[in-house]
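Residue strings, one per chain:
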Amino acid sequence: EALDRLRDAVAKGHLTPFVGAGLSSAVTGGKAPCASWRGLLLDGIEVCERMVSPLPPGWASRMRDELDNADVETYLSVADQVTRRLHSARGGREFAPWISRTVGALHPTDEGVRIIQAIRKLGKVIVTTNYDRLIEDAEPNWSSYTYSDDEYLSPYENQDAVLHLHGVASNPTSIILSSADYQRLSANHLAQVLNQSLFARHRFLFIGCGDGLKDPDIAPLIDFVNDVLSKENLEHYILVKGDQLRPFNERPLSSWIVPVAYGSNFGDLAMFLEELAERREIAVSQDQRAYEQRPAAKPKTALLDLAGPA
């Protein structure tokens, strides 16, 4: 039923794609570590080792250890250290080249181009928390806007545009990465009003987001929309791998974000998005049991049958 409602919303033009870091990882074939927040910070730690002196003994090892099984707060803590040290090195001239060399230099695979083309067919406006320009650069006529641009919410409605909530690599000063950056963004009253307006006016299809929706900037916006639109009964959707259906159903990100499976593995994403964008029939099971491994059958003996579970 959720898949049918998603297809109906797309057919009526009622959904806006919202893409996260998982999409950047997918369209680069998983071969670009800096497409993920963790990979970008690991690269930043390595740059600090090369460029920043002095560093406290063992600092790099401690930062890498913190990123193992890290949550949002831990990522922010490491991001604070990396950005502060890069901004302090050589008069602050190391941060922008680092952004340009990493997230500013990502390139899609052939399969990634298929995914991007399908997402572009889903809407004239795409919203993202990513810094890269993978979507825009695949089609030169597309434009980038971020919270610091005058055109952030006004003229983009009639053109192909990507709205970067957390900044864009082509403008390193706009990048929101550390906790200080998030505080700067939250203190920007106009940016918050614009973002709330964006979330109140659009129904989203979240692609490659997952726990990224819990980040310090997006989570309050989701709470805001949850309160504002709770009486309107408007659904939003998040694409997940089949084996994530049950976890998302049992621990939903929000009561108004409905998980939809695109297949059993990442290789199914391109076909699913193409079928969705082209309004074709989609034969992807939405039964969470279909993606779960069943335990091997126990040998049947009279003793086991009688004893039951230990």
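Residues numbered from 1 in each chain as written. Predicted model: local features only at pLDDT ≥ 70, side-chain atom pairs only at ≥ 80, totals over all residues. Heavy atoms only, no water.

### Things to note about the environment of alanine 270
Here alanine 270 lies in helix H13 (residues 269-277). When its relative accessible area of 0% is taken as the criterion, alanine 270 is described as buried. In the structure, alanine 270 is positioned 159 residues away from glutamate 111 in sequence and 7.2 Å away in space, judged by C-alpha atoms. Setting aside residues no more than four positions away along its own chain, alanine 270 makes contact with Glu111, Arg114 and Ile115. (Helix = DSSP H or I, 4+ residues; strand = E, 2+ residues; numbered from the N terminus. Buried < 20%, exposed > 50% of the residue type's maximum accessible area, 1.4 Å probe, protein only. Contact = heavy atoms within 4.5 Å.)

### Focus on the packing of aromatic side chains
Applying the stated rule across the entire model yields five aromatic pairs. With a centroid separation of 5.0 Å and 55° between ring planes, the pair formed by phenylalanine 18 and phenylalanine 206 is classed as tilted. Taken together, the residues phenylalanine 18 in strand S1 (residues 15-19) and phenylalanine 206 in strand S5 (residues 203-207) connect sequence positions 188 residues apart. In this structure, phenylalanine 18 and phenylalanine 206 share a single accessibility class: buried. Ring centres of tryptophan 37 and tyrosine 75 lie 5.1 Å apart, and the angle between their planes is 20°; on these two criteria the pair is classed as stacked. Taken together, the residues span a long stretch of sequence, with tryptophan 37 in helix H3 (residues 37-51) and tyrosine 75 in helix H5 (residues 72-88) at a distance of 38 residues. Here tryptophan 37 falls in the partly exposed class, since its relative accessible area comes to 21%. A network of ring pairs unites the aromatic residues Phe18, Phe204 and Phe206 as a single cluster. A cation over a ring is seen here: lysine 241 above phenylalanine 266, with NZ or CZ 5.5 Å from the ring centre. (Phe/Tyr/Trp six-rings, centres within 6.5 Å; stacked < 30°, edge-to-face > 60°. Lys NZ or Arg CZ within 6 Å of the ring centre and 35° of its normal.)

### Brief notes about the pattern of salt bridges
In total, this model carries 18 salt bridges according to the counting rule given. Two residues, arginine 114 and glutamate 111, come together in a salt bridge whose shortest N-O distance is 3.1 Å. Of the two residues, arginine 114 and glutamate 111 are both situated in helix H7 (residues 110-122); the distance of three residues between them amounts to about one turn of the helix. By relative accessible area, arginine 114 is classed as partly exposed at 27%. One continuous salt-bridge network, built from bridges that share partners, spans Lys121, Glu275, Glu278 and Arg280. (Salt bridge = Lys/Arg side-chain N within 4 Å of Asp/Glu carboxyl O.)

### Regarding helix H1 (residues 2-11)
Owing to its 3.6 residues per turn, the α-helix aligns residues three or four sequence positions apart on the same side. Taken residue by residue, H1 has Ala2, Leu3, Leu6, Ala9 and Val10 as its buried positions. Down the axis of H1, the smallest arc covering the buried residues is 125°, so these residues share one side. In the stretch just after H1, glycine 13 is the one whose phi turns positive, near 70°. (Arc of directions from axis to C-beta.)

### A short note on the pairing of S1
With five of five residues buried, S1 is to be regarded as a mostly interior element. Covered by surrounding structure in S1 are Leu15, Pro17 and Val19 together with Thr16 and Phe18, the residues of both alternating faces. Relative to S5, S1 runs parallel, the two being bridged by five bridges. Its bridge partner lying in S5, proline 17 is registered against leucine 205. (Pairing = 2+ DSSP bridges.)

### Focus: the packing of helix H4 (residues 59-67) against H5
Helices that pack against each other are described as a pair by the angle of their axes relative to one another and the distance between those axes. Two elements in contact, H4 and H5, have axes whose closest approach is 9 Å; the angle formed by their N-to-C orientations is 150°. By the angle class used here, H4 and H5 are roughly antiparallel. Viewed along their axes, H4 and H5 form a crossing whose handedness is left-handed. Note on element contacts: H5 touches H4 through Thr74, Tyr75, Ser77, Val78, Gln81, Val82 and Arg85, opposite Trp59, Met63, Glu66 and Leu67. Classifying every residue of the contact of H4 with H5 by side-chain character gives six nonpolar, three polar and two charged. (Axes fitted to C-alpha atoms, helices over the stretch in contact; angles between N-to-C directions. Parallel < 35°, antiparallel > 145°, perpendicular 65-115°, else oblique. Left-handed = near helix turned anticlockwise from the far one by under 90°. Nonpolar A, V, L, I, M, F, W, Y, C, P; charged D, E, K, R; others polar.)

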